[in-house]
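So you can see what is in the structure, the chains are spelled out below.
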Amino acid sequence: MAETKYIFVTGGVSSSLGKGIIAASLAKLLQARGFKITIQKLDPYINVDPGTLNPYEHGECYVTEDGAETDLDLGHYERFLNVNTSQANNVTTGRIYQSVIEKERRGEFLGKTVQVVPHITNEIKERIQLLGKSGDYDIVITEIGGTVGDIESLPYIEAVRQLKWELGDDNALVIHLTLVPYLAAAGELKTKPTQHSVKTLMESGIRADILVCRTEHELSDDIRRKLAIFCNVRQEAVIQSIDASTIYDVPNLMLEEGLDTVVLKKLQLPDNTTPNLDHWNQFLQRHKNPKYEITIGLIGKYVELRDSYKSIFESFIHAGAENEVKVNVVSIHSEFINENTIKNKISDLDGILVAPGFGERGIEGKIDAVQYAREHKIPFFGICLGMQMAVIEIARNVLHLKNANSTEMDPNTKHAVIDIMEEQKNITHMGGTMRLGSWACKLTKGSLAQEVYKSDIIKERHRHRYELNNKYKEELAHVGLKSTGINPETGLVEIVELKDHPWFVGVQYHPEYKSTVAKPHPLFISFIKAAVTYSKQKNNVKLTQKK
Ligand code: GLN
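Described in the following lines is the structure provided in the data block. One numbering rule holds for all chains: residues counted from 1, following each sequence as written. Local features are withheld for residues below a pLDDT of 70 in this predicted model, meaning they are given only at 70 or higher, and side-chain atom pairs are given and counted only at 80 or more; totals for whole chains, interfaces and linings count all residues. Here the side-chain values reflect all heavy atoms present in the structure, with hydrogen atoms and water set aside.

Comments concerning the overall build of the chain
As a reminder, the rule being used: Working definition: helices are DSSP H or I runs of at least four residues, strands are E runs of at least two. Numbering for both runs from the N terminus. Type-normalised accessible area, obtained with a 1.4 Å probe on protein chains alone, sets the label of each residue: buried when under 20%, exposed when over 50%, and partly exposed for intermediate values. Throughout, a residue-residue contact means that at least one pair of heavy atoms, one from each residue, lies within 4.5 Å.
Scanning the chain from terminus to terminus reveals 18 helices and 23 strands. Across its three principal directions, the C-alpha atoms of the chain cover 70 × 70 × 45 Å. Here the chain holds 547 residues, and 58% of them are scored as buried. Sequence-distant contacts in the chain: of pairs separated by 6 or more residues, those separated by 24 or more amount to 73%.

Next comes the structure, spelled out in structure tokens:
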């Protein structure tokens, strides 16, 4: 194809309408028609990336292959499209300003006054076109974070206005996502907030080409006509986005509404295929018709906000569908796990996942949960901090190394079974300085990991500073906790697994970032399978006891 086409997705009326899901669903439909496509997220906050943000603020920080710490929407893009994203797919205001200021310090602006327009807007335009210019994509979808009318998003909106003008109507279009609220007292859907939102966009010189309307009720023809005439779009370009029971239904809902057809027509692209969603629909079929049901406990400290563990929840959905089981995930706050509460909280679970995390809060509860899973032979999966807690638990309770700990939690511990890497010791800056992104890992022959991955060497994404201290590797192996995955370059331990336990695996990396609908992660599939076996055995035992 000659030129890359650009689709911009803006949001109005309210935040949290799901621009990321709409962008990912449209991308899925276009990809399923054979187009090469990627999605980019522009975030109007001043942090350079979300890496330093508390999960309560922003939800999960998603890590890409190239080690970028990014917005969780990129996780949706990868899960829907099964295509890797990179640093170029997530740009924040902080990053834009940082780059413009660095250019100014280098003297690149040749004595000019540096201003929002044109310098910041030009930088935004460059970042948008960077992906298009790579030649890898037919279409680039750019999602603008925030809501139109926000002060922070103004430079982005202006950049979109300019680009749309420069590229021309056939090469760029704007989709505006809004809310059509239902007023129960009046028994009516209301279009006025959408009209106002479109008007706000117009004040910045942008006419929306397509309206996607979030709604709890079907939009009647009358409402669609009203939205079309007052918002200045064609009626076929008023797309209903009704609440769905799963985000994975949204591509089909958008297909029914004809979103992909309207987009292709506006961009003058050939509309001579139908999207091939066979594999996607097989996944949905399995997801919606489970043959069994299990309950997994997710032990973490940010559990009040589901988004903090977004990729883990989604990985369970993918792996559940693969196993044809419904995975109920109960979030359990690790701060409230102690000797007195543990039995009540976790004894009925079919599997226990101890989550990633930072800092001291709640770690003793995580260690208690590991011990319970180990002693009661409940399938156990430790991710990053969860793996480190498994090492500490076994060091304390099996090796009897009193107060063994990670130097993250206790810098003076006598038994630093988890310790900071040498090259991390002198780092003072917090942002972007952890061990990040994709690293190779060599699997031990005959290990569970090797059996699960069906490979000798794998690559997984990281985000941490601390590591299993190799001084304790042999001692741990001696009591059954084998290191079965090693980084071939550095010798760092990436996987531990416990002998004589049905399924006990800790991984220093984050497998959840790589699970997609097309490729559920093998470790999650295997963990769910083990949890099903455990649950069936437990239930049979219960039934025989009753008899
Ligand atoms: N806090 C731990 C470390 O930095 C674990 C990080 C994580 O779970 N992502 O090593």
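Describing the nonpolar core
Let me state the cut-off plainly: Residues grouped as a nonpolar core are buried Ala, Val, Leu, Ile, Met, Phe, Trp, Tyr and Cys residues, joined through side-chain atoms within 4.5 Å.
Judged by nonpolar contacts, the single largest core of 58 residues is most densely connected at Ile7, Ile141, Ile175, Ile210 and Val263. For this core, the element with the most residues is helix H1 (residues 19-31), which contributes 8 residues. Non-local contacts of Ile7, meaning those with residues more than four positions away in its chain, are made with Leu26, Leu30, Ile139, Val140, Ile141, Thr142, Leu173, Ile175, Val263 and Leu267. Listed in part, the 40 residues of the second largest apolar core include Val354, Tyr372, Val496 and Leu498.

Describing the site of the ligand
Here is the rule we go by: Throughout, near means a residue has at least one heavy atom within 4 Å of the molecule or strand. For the purposes of these results, a polar contact is taken to be a pair of N or O atoms within 3.5 Å, where, inside protein, one atom must be able to donate a hydrogen and its partner to accept one; residues adjacent in sequence count only when each atom of the pair is a side-chain atom. Grid spacing is 1 Å over the protein atoms alone, the probe is 1.4 Å, and a cavity is where that probe fits but cannot get out, while a pocket is an open set with protein on both sides within 12 Å along at least five of seven lines and lining residues have an atom within 4 Å of a point. Think of it this way: if more than half of a molecule's atoms are within 2 Å of a pocket's grid points, that molecule is in the pocket or cavity. All residues other than Ala, Val, Leu, Ile, Met, Phe, Trp, Tyr, Cys, Pro, Asp, Glu, Lys and Arg, Gly among them, are scored as polar; the first ten of these are nonpolar and the last four charged.
Every residue close to the ligand is listed here: Pro356, Gly357, Phe358, Cys384, Leu385, Gln388, Glu408, Arg463, His464, Arg465, Tyr466 and His510. A distance of 2.7 Å separates a nitrogen atom of the ligand from a polar side-chain atom of Glu408. At 3.2 Å from a nitrogen atom of the ligand is found a side-chain nitrogen or oxygen belonging to His510. According to the grid-proximity analysis, the pocket containing the ligand is the second largest pocket. If you list the elements that add at least two residues to the shell around the ligand, you get helix H15 (385-397) and strand S19 (457-464). Of the residues in the shell around the ligand, the class split is 5 nonpolar, 4 polar and 3 charged.

Considering the environment of Gly431
If you trace the backbone, Gly431 turns up in the loop between strand S17 (416-420) and strand S18 (435-443). Exposure remark for Gly431: the relative accessible area of 41% places this residue in the partly exposed category. In this structure the C-alpha to C-alpha distance between Gly431 and Glu304, which are 127 residues apart in sequence, comes to 25 Å.

Quick word on the pattern of salt bridges
Counted only if it meets this: Here a salt bridge means any side-chain nitrogen of Lys or Arg lying within 4 Å of a carboxyl oxygen belonging to Asp or Glu.
With the rule as written, the count across this model stands at 37 salt bridges. Note that Arg106 is salt-bridged to Glu108, the shortest N-O span being 2.7 Å. Since its relative accessible area comes to 54%, Arg106 is described here as exposed. A relative accessible area of 41% places Glu108 in the partly exposed class.

Some words on the sheet that holds strand S21 (residues 481-486)
Sheets are built from strands that pair by backbone hydrogen bonding, the pairs being arranged parallel or antiparallel. Spelled out, the test is: Should DSSP find at least two bridges between two strands, the strands are taken to pair. In this description, a line fitted to the C-alpha atoms serves as the axis of each element, helices being fitted only across the stretch in contact, and the angle between N-to-C directions of two axes falls anywhere from 0 to 180 degrees.
Spatially, the 9 strands line up as an open sheet ordered S13-S12-S14-S15-S23-S22-S21-S18-S19, and their pairing is mixed. Strands with a single pairing partner mark the edges of an open sheet, and in this sheet they are strand S13 (325-333) and S19. The sheet shows a mean angle of 30° between the axes of neighbouring strands, taken without regard to direction. Note: strand S22 (residues 493-498) against strand S23 (residues 504-507), 3 bridges, orientation antiparallel. When the sheet's bridge partners are listed, Val496 is paired in S23 with Gly506. Helix-sheet contacts for helix H12 (residues 310-323) involve strand S12 (292-300), S13, strand S14 (351-354) and strand S15 (380-383), and the interaxial angle to S13 is about 155°. Of the strands in this sheet, S12, S14, S15, S22 and S23 are in contact with helix H14 (residues 363-375), which crosses S14 at around 150°.

Comments concerning the packing of aromatic side chains
Let me state the cut-off plainly: Aromatic rings from Phe, Tyr and Trp, with only the six-membered ring used for Trp, were paired whenever their centres fell within 6.5 Å, and each pair was classed as stacked if the ring planes differed by under 30 degrees, edge-to-face if by over 60, and tilted otherwise. In this scheme, the term charge over a ring applies when either NZ of a lysine or CZ of an arginine sits within 6 Å of the ring centre and within 35 degrees of the ring normal.
All chains considered together, the criterion is met by 15 aromatic pairs. Between Phe381 and Trp503, the aromatic rings sit 5.3 Å apart at their centres with planes inclined by 80°, giving edge-to-face as the arrangement. Of this pair, Phe381 sits in strand S15 while Trp503 sits in the loop between S22 and S23, and the two are 122 residues apart along the sequence. Accessibility assignment for this pair places Phe381 and Trp503 in one class, buried. Among the aromatic residues, those joined into a cluster by ring pairs are Phe316, Phe381, Trp503, Phe524 and Phe527. In this structure, Arg306 packs its charged tip against the face of Phe313, placed 3.9 Å from the ring centre. Across the ring face of Trp439, the terminal group of Arg435 is positioned such that the distance to the ring centre comes to 5.2 Å.

Let's talk about the sheet that holds strand S20 (residues 466-468)
Sheet architecture is open: 3 strands sit in the order S16-S17-S20, paired in mixed fashion. Looking along the sheet, the strands with just one partner apiece sit at the ends: strand S16 (405-406) and S20. Here S16 runs beside S17; their pairing, made up of 2 bridges, is parallel. By the bridge assignment for S17, Asn405 is matched with Ala416. Contacts from H15 reach S16, S17 and S20, with the element oriented near 150° to S17.

Here we look at the pairing of strand S2 (residues 37-43)
The buried fraction of S2 amounts to 7 of the 7 residues, a majority that puts the element mostly inside the structure. The alternating pattern of S2 places Ile37, Ile39, Lys41 and Asp43 and Thr38, Gln40 and Leu42 on opposite faces, both of which are buried. Taken together, the 6 bridges between S2 and strand S6 (residues 139-144) define a ladder with parallel strand orientation. Across the sheet, Leu42 pairs through a bridge with Ile144, a residue of S6. Pairing analysis gives 3 bridges linking S2 to strand S5 (residues 90-92), with the strands arranged parallel. Directly across from Leu42, in S5, lies its bridge partner Val91.

A closer look at a nonpolar patch on the surface
To keep things clear, this is the line we draw: Distance thresholds for patches are 9 Å for like charges and 5 Å for nonpolar side chains (Val, Leu, Ile, Met, Phe, Trp, Tyr), applied to residues having over 30% relative accessible area and no salt bridge. Here, Shrake-Rupley sampling with a 1.4 Å probe gives the accessible areas, and only protein chains in the shown set may cover a residue.
Taken together, the side chains of Tyr97, Ile101, Val116 and Val117 define a hydrophobic patch exposed on the protein surface, amounting to about 320 Å² of accessible area. Contributing elements (two or more residues each) for the nonpolar patch: helix H4 (93-105) and helix H5 (116-133). With respect to the secondary-structure elements, Ile101 resides in helix H4.

A look at the environment of Val83
As for its position among the elements, Val83 is in the loop between helix H3 (73-81) and S5. Separated by 211 residues in sequence, Val83 and Ile294 place their C-alpha atoms 30 Å apart. With residues up to four places along the chain from it excluded, the contact list for Val83 reads Gln31 and Glu78.

Topic: unusual backbone geometry
Phi is mostly negative for residues that are not glycine, and the peptide bonds are mostly trans. Across the junction of Val117 and Pro118, the peptide omega takes the value 15°, indicating a cis bond. Inspection of the secondary structure puts Pro118 in helix H5. One non-glycine residue with positive phi stands out, namely Asn403, at about 60°. Within the element layout of this structure, Asn403 appears in the loop between H15 and S16. Even without being a glycine, Lys454 presents a positive backbone phi close to 55°.

In short, shape yes, function no, at least from these values alone.
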